[in-house]
Amino acid sequence: MQNAAYGIFRKGQIILDEPVTAPDESSVIVVFLDTQKIVPAQNSNMLLRIFDTLGAWEDSKDAETIISEIEKSRVSKTVDIVI
């Protein structure tokens, strides 16, 4: 499941508005929002719009299955090249 939290960037540090339960050394994406357009942190619709924009999703398939499906869907064509 994707986690998201609002926060503020102050003096070189990001200070989150709420606790986040994520393992140490988790990868993150930091998006600096235009301060005039920020919706209050309680508005979960804003988080959903951020996920939609960034393409976040949850997938029940493991990486090997996804890679296998991609490889099976590849199509190659042979084309005669005339020089």
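Residues numbered from 1 in each chain as written. Predicted model: local features only at pLDDT ≥ 70, side-chain atom pairs only at ≥ 80, totals over all residues. Heavy atoms only, no water.

Draft legend 1. Fine view of the overall build of the protein chain. Looking only at helices and strands, the protein chain features two helices and two strands. The secondary structure elements of the protein chain, listed N-terminal to C-terminal, are β-β-α-α. Across the 83 residues that make up the protein chain, the buried fraction comes to 5%. As displayed, the protein chain has an accessible area near 8,100 Å², and 55% of this comes from carbon and sulfur atoms. (Helix = DSSP H or I, 4+ residues; strand = E, 2+ residues; numbered from the N terminus. Buried < 20%, exposed > 50% of the residue type's maximum accessible area, 1.4 Å probe, protein only. Areas by Shrake-Rupley, 256 points an atom, 1.4 Å probe, with all protein chains shown as cover.)

Draft legend 2. Here's a closer look at the pairing of strand β2 (residues 13-16). Across four bridges, the pairing between strand β1 (residues 7-10) and β2 is antiparallel. Paired with F9 across the two strands is I14, which belongs to β2. Between β1 and β2, which pair antiparallel and follow one another directly, the connecting turn spans two residues, one of which, K11, has a positive phi of 55°. (Pairing = 2+ DSSP bridges.)

Draft legend 3. Looking closely at the packing of aromatic side chains. One pass over the structure, following the stated rule, counts one aromatic pair. On the basis of an interplanar angle of 85° and a centroid distance of 5.4 Å, the ring pair of F9 and F32 is categorised as edge-to-face. Linking F9 in strand β1 with F32 in the loop between β2 and α1 (44-54), this pair joins segments that are 23 residues apart in sequence. Classification of F9 by relative accessible area gives partly exposed; the value is 47%. (Phe/Tyr/Trp six-rings, centres within 6.5 Å; stacked < 30°, edge-to-face > 60°.)

Draft legend 4. Region of interest: unusual backbone geometry. Backbone geometry at K11 places phi at a positive 55°, although glycine is not the residue there. Looking at the element boundaries, K11 is found in the loop between β1 and β2. For K11, a relative accessible area of 81% corresponds to the exposed category. The phi dihedral of E25 falls on the positive side, at around 65°, and the residue is not glycine. By the element assignment, E25 lies in the loop between β2 and α1.

Draft legend 5. Looking closely at the pattern of salt bridges. Using the criterion set out here, one finds one salt bridge in the structure. The partner of K61 in a salt bridge is E69, with the nearest N and O atoms 3.0 Å apart. What makes K61 partly exposed here is its relative accessible area of 39%. (Salt bridge = Lys/Arg side-chain N within 4 Å of Asp/Glu carboxyl O.)

Draft legend 6. Structural detail: the environment of E18. Position of E18 among the secondary structure elements: in the loop between β2 and α1. Between the C-alpha atom of E18 and that of A5, which follows or precedes it by 13 residues, the distance is 6.6 Å. When residues no more than four places from it in sequence are discounted, the contact partners of E18 are A4, A5 and Y6. (Contact = heavy atoms within 4.5 Å.)

Draft legend 7. Quick peek at the confidence of the model for the protein chain. Summarising the model, the protein chain shows a mean pLDDT of 77, and 76% of its residues fall at 70 or more. Ranking the elements of the protein chain by mean pLDDT puts α1 last with 70 and helix α2 (residues 63-73) first with 89. (pLDDT = per-residue confidence, 0-100.)

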